[in-house]
Structure formats: C-alpha cells, structure tokens
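Listed here are the chains, written in short residue letters.
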Amino acid sequence: MEFRLFKKAIYFFLILLYSNNCSHAPAINETYDFSLVNTINIDKIADYPKRPGSGQIMEDNLSFIFMKNGFNVSQIMSNNTVINLNDEGENNLSLSCTLTEYTDRETILIPYRVEDRGSIETTITQSSESNGDDQNAIATTSTTTTTDGGSIQESRKLEYTQARVGMILKLKDEKTGLLVWTHSYWYSGIELSSTAQICARNSVGLISKLFNN
Amino acid sequence: MKNIIKLIRSSLIIIITSISLSIFAYGQSEDHLKRAISAMETGLFDESLKQLNLALSDNPKNAQVHKLIALLYEALEKKEKAIKAWNDCIRYSKDQSIIKEAKIHLNYLNGI
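Residues numbered from 1 in each chain as written. Chains lettered and ligands numbered in written order. Predicted model: local features only at pLDDT ≥ 70, side-chain atom pairs only at ≥ 80, totals over all residues. Heavy atoms only, no water.

Visitor: Help me understand the overall build of chain B, please; the structure alone is not making it clear to me.
Guide: Per the secondary structure count, chain B includes 5 helices and 0 strands. Beginning at the N terminus, the succession of helices and strands in chain B can be written as α-α-α-α-α. Within the span of chain B, comprising 112 residues, buried residues form 41% of the whole. Look at the contacts in chain B between residues 6 or more apart in sequence, and 37% of them connect residues 24 or more apart. In the form shown here, chain B has an accessible surface area of approximately 6600 Å², with 61% of it arising from carbon and sulfur atoms. (Helix = DSSP H or I, 4+ residues; strand = E, 2+ residues; numbered from the N terminus. Buried < 20%, exposed > 50% of the residue type's maximum accessible area, 1.4 Å probe, protein only. Contact = heavy atoms within 4.5 Å. Areas by Shrake-Rupley, 256 points an atom, 1.4 Å probe, with all protein chains shown as cover.)

Visitor: How do you make sense of the confidence of the model for chain B when you look at a structure like this?
Guide: Low-pLDDT stretches of the model should not have their predicted coordinates read in fine detail. Residue and element names in this part refer to chain B. This prediction gives chain B a mean pLDDT of 84; 82% of its residues lie at or above 70. Within chain B, no element has a lower average pLDDT than helix H1 (residues 2–41), which sits at 70, and none a higher one than helix H4 (residues 79–92), at 96. Segment residues 21–25: pLDDT under 50, and 1 contact once partners within four positions in sequence are set aside and those in other chains are kept. (pLDDT = per-residue confidence, 0-100.)

Visitor: Honestly, the confidence of the model for chain A in this entry has me stumped. Any pointers?
Guide: Counting all residues, the mean pLDDT for chain A is 80, and 73% of those residues have values of 70 or more. Ignoring residues within four places in sequence, the model shows residues 12–22 of chain A, a span with pLDDT below 50, making 0 contacts including any to other chains.

Visitor: For this particular structure, what's the right way to read the pattern of salt bridges?
Guide: One side chain can pair with another of opposite charge once the charged atoms of both are near each other. Under the criterion given, the structure shown has 7 salt bridges over all chains. One salt bridge connects Glu59(A) with Lys44(A), and the closest N-O pair in it is separated by 3.4 Å. Note that Glu59(A) is positioned in helix H2 (residues 54–68) and Lys44(A) in the loop between strand E2 (37–42) and H2, a separation of 15 residues in sequence. Residue Glu59(A) is classed as buried on the basis of its relative accessible area of 2%. A salt bridge links Asp88(B) to Lys84(B); its shortest N-O distance comes to 2.9 Å. Separated by 4 residues within a single helix, Asp88(B) and Lys84(B) lie in helix H4, roughly one turn from each other. (Salt bridge = Lys/Arg side-chain N within 4 Å of Asp/Glu carboxyl O.)

Visitor: Just to check I follow, could you spell out unusual backbone geometry for this structure?
Guide: Working note: non-glycine residues mostly have negative phi, and peptide bonds are mostly trans. Even without being glycine, Lys50(A) reaches a positive phi, approximately 65 degrees. Of note, Lys50(A) is situated in the loop between E2 and H2. Its identity is not glycine, yet Glu77(B) carries a phi of approximately 60 degrees, on the positive side. Considering the arrangement of structural elements, one finds Glu77(B) in the loop between helix H3 (63–75) and H4.

Visitor: Sorry if this is basic, but what is going on with H2(A) here?
Guide: Residues and elements named next belong to chain A. With 15 residues, H2 extends 21 Å between its outermost C-alpha atoms, agreeing within 8% with the 21 Å of an ideal straight helix rising 1.5 Å per residue. Where H2 is concerned, the buried positions are Ser54, Gly55, Met58, Glu59, Asn61, Leu62, Ser63, Ile65 and Phe66. Once H2 ends, the next one or two residues include Gly70, with phi positive near 90 degrees. (Expected span 1.5 Å × (residues − 1).)

Visitor: Even after reading the chapter, I still don't get the packing of H2(A) against helix H3 (residues 192–211) of chain A, so can you show me in this structure?
Guide: Residues and elements named next belong to chain A. H3 packs onto H2 with a crossing angle of 50 degrees between their chain directions and a minimal axis gap of 9 Å. With respect to H3, the element H2 is oriented oblique. Between H2 and H3 lies a crossing whose hand is right-handed. Between H2 and H3, the residues in contact are Met58, Asn61, Leu62, Phe64, Ile65 and Phe66 and Ala196, Gln197, Cys199, Ala200, Arg201, Val204 and Ile207, respectively. Its residues placed into classes, the contact of H2 with H3 shows 10 nonpolar, 2 polar and 1 charged. (Axes fitted to C-alpha atoms, helices over the stretch in contact; angles between N-to-C directions. Parallel < 35°, antiparallel > 145°, perpendicular 65-115°, else oblique. Left-handed = near helix turned anticlockwise from the far one by under 90°. Nonpolar A, V, L, I, M, F, W, Y, C, P; charged D, E, K, R; others polar.)

Visitor: Would you mind going over H4(B) with me for this structure?
Guide: Along an α-helix, a turn takes 3.6 residues, which lines up residues three or four apart on a common side. Counted at 1.5 Å a residue, the expected span for H4(B) with its 14 residues is 20 Å, and the 20 Å between its end C-alpha atoms agrees. Along H4(B), the residues that are buried comprise Ala82(B), Ile83(B), Ala85(B), Trp86(B), Asp88(B), Cys89(B) and Tyr92(B).

Visitor: Honestly, the packing of aromatic side chains in this entry has me stumped. Any pointers?
Guide: Remark: the centre distance and the inter-plane angle together describe each pair of aromatic rings, the angle taken between the planes. Overall, the coordinates contain 5 aromatic pairs over all chains when judged by the stated rule. Ring centres of Tyr185(A) and Tyr187(A) lie 6.3 Å apart, and the angle between their planes is 15 degrees; on these two criteria the pair is classed as stacked. Members of the aromatic cluster, connected to one another through ring pairs, are Tyr32(A), Phe34(A) and Phe211(A). One cation-aromatic arrangement involves Arg164(A) over Trp186(A); the distance from NZ or CZ to the ring centre is 3.7 Å. A cation sits over an aromatic face here: Arg91(B) above Tyr92(B), 5.8 Å from the ring centre. (Phe/Tyr/Trp six-rings, centres within 6.5 Å; stacked < 30°, edge-to-face > 60°. Lys NZ or Arg CZ within 6 Å of the ring centre and 35° of its normal.)

This is the structure we're talking about:
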C-alpha cells in the first residue's frame, strides 16, 4: 500500500518536473544583479514582413504598459524609448524585440467535429462466503477494467479569421554585451490590436518582476 | 408475405426519417456556426456568442466551438467565462496545438 503511494508520488513529481520544463518561462542570467540597472533602452522594433507599422505599434504598446506598471518612461534620445529605473544604478540594458508573428487574417478551419475521448471503466466486485462461522468467512474481490479508445467524426468545414502575435525579447547589458534575460511568447485573439497589447502586457509583467517594481 | 413487405416498408420509413432528422440537426448547427462567424467578423460579439451557444446545444463536445467562445469572452473581457470555455476546450480536444493554445490563454488569464 505504502509502495503504491510512493510510486504515485514519484509519477506526480515526474509529471510536475516535465510540465515545468515544458513551460514557456523566460531564461534569466541568475548571476546578474538587476538592482544595479539604471535604464532600459528599447531598440527600434523592425516591422513584421508585409505589416508596415507593426514594429512601431509594438514599441508603443511596450512603452504604454511600462508606464501602466509604474515605470518612468522618456523618449528623448533620437526617438528611442528609455525606461528609467534607478538613478544610482551603473548599468544600462537594451531591450530588443523581434516580431515572429503579426497576422490578423490567419484562416483557421472549424471542422464540425465530434470528438469522443473514450473512457476507462473499472468495476470492482466484492463477495463473501460464510459457512455460518464468522471466523471462517471468505472474501473475494475481482476488478474489471474496460478501455474505450474514443472516436472522431467530422463533417464539412467552416472558416474564420484569428489574430496571432508572437515575439522574442532580449535584455542585454550595453557595456558587456551580456545577455541577461530572454523570452519568447505568442498569443492569439479575435482582434489584432488587443492581442498585441496582451503580448506586451505579459512581457512587461515578466520584466517588472526582475526589478521588483 | 404481406407482413414481411409491411415490415420492410416500416423499417425503410424509420431509416429515412432518422437520416433526414440527423441531416436537419447538422444543418441547423452549421447555420448557427455560419451566423456566429458572420456576426464575429462584423464585431457583433454578443450575437456571435448567442449563435455559438445554440450550435453547442446540438454538439456540446465540439472543442473548436468552445475555443471560439473562449476567444469571444476574452474580447469582451469576461475572464471567468473565458477560463471555463478554455477548460471545456481542453476537455473535448485531441488536437495538441489547440490544447497548447488553451494552456497559454489559461496561464495568462490566471495570471501565471
């Protein structure tokens, strides 16, 4: 009984470990001291192919969300956006963003499909036989497990459009060139503008955690 | 002999009726989905949700419809309803890309 519980605990631990490894958490240089950062300079963001203005929209979204998160944002150096963190800090970081996706007319098919994921049914039958003397009663337990693999039924298909925005962000120390934080993220939605904003919000939220703002 | 013919005739009537009814039911759902997509693309999200819920009543296990409902609730900023729809989408979907997308949305909506 205890061995079974131990086995279950090990499976649970392995699943947890696997799911953590598969999550889309950012990569961080653990040795870097983020409390010594003076400013973050947001590099010009290149437009996504055939999407003029997409880079500027994402840059504006990032500035907006940084401000919403309580950071001081300025745009004095040749139109570049600068996030001011700590006046006593010695290091400056540059934030670069590459748009990996910026589409609002991606066509997704909705098949009219019925998915039966199947089921596992376990029946436990218990019976006891007694010859009248309670001390000599015989108990029998039998277990039957039925597995149904499920099925998919599909009919005609319909089309609709969906927005999808993806990006890769990198924070680099300007003096040493050391990459201190990087993250890739994508999000989908019905409207392109709100999807881009959610992408920016998520990324800035993660950057904010580095500076405990 | 007459009895056999009667039996065959009544069986055929039952089969034809059931096929017609199932085609009608699918047609109804497809109409709701078409109306939902048209409404969504013109920005009428509430109407789209109404049509999608009607389509779901015929086929509650359609993961793609649950996904569309979740996206619409997100657009309408109805977080709790969006979370429920994404969870339903995961429950009924076998498509790994949809499950992955649902998990990304759930992480965002749950603030992870």
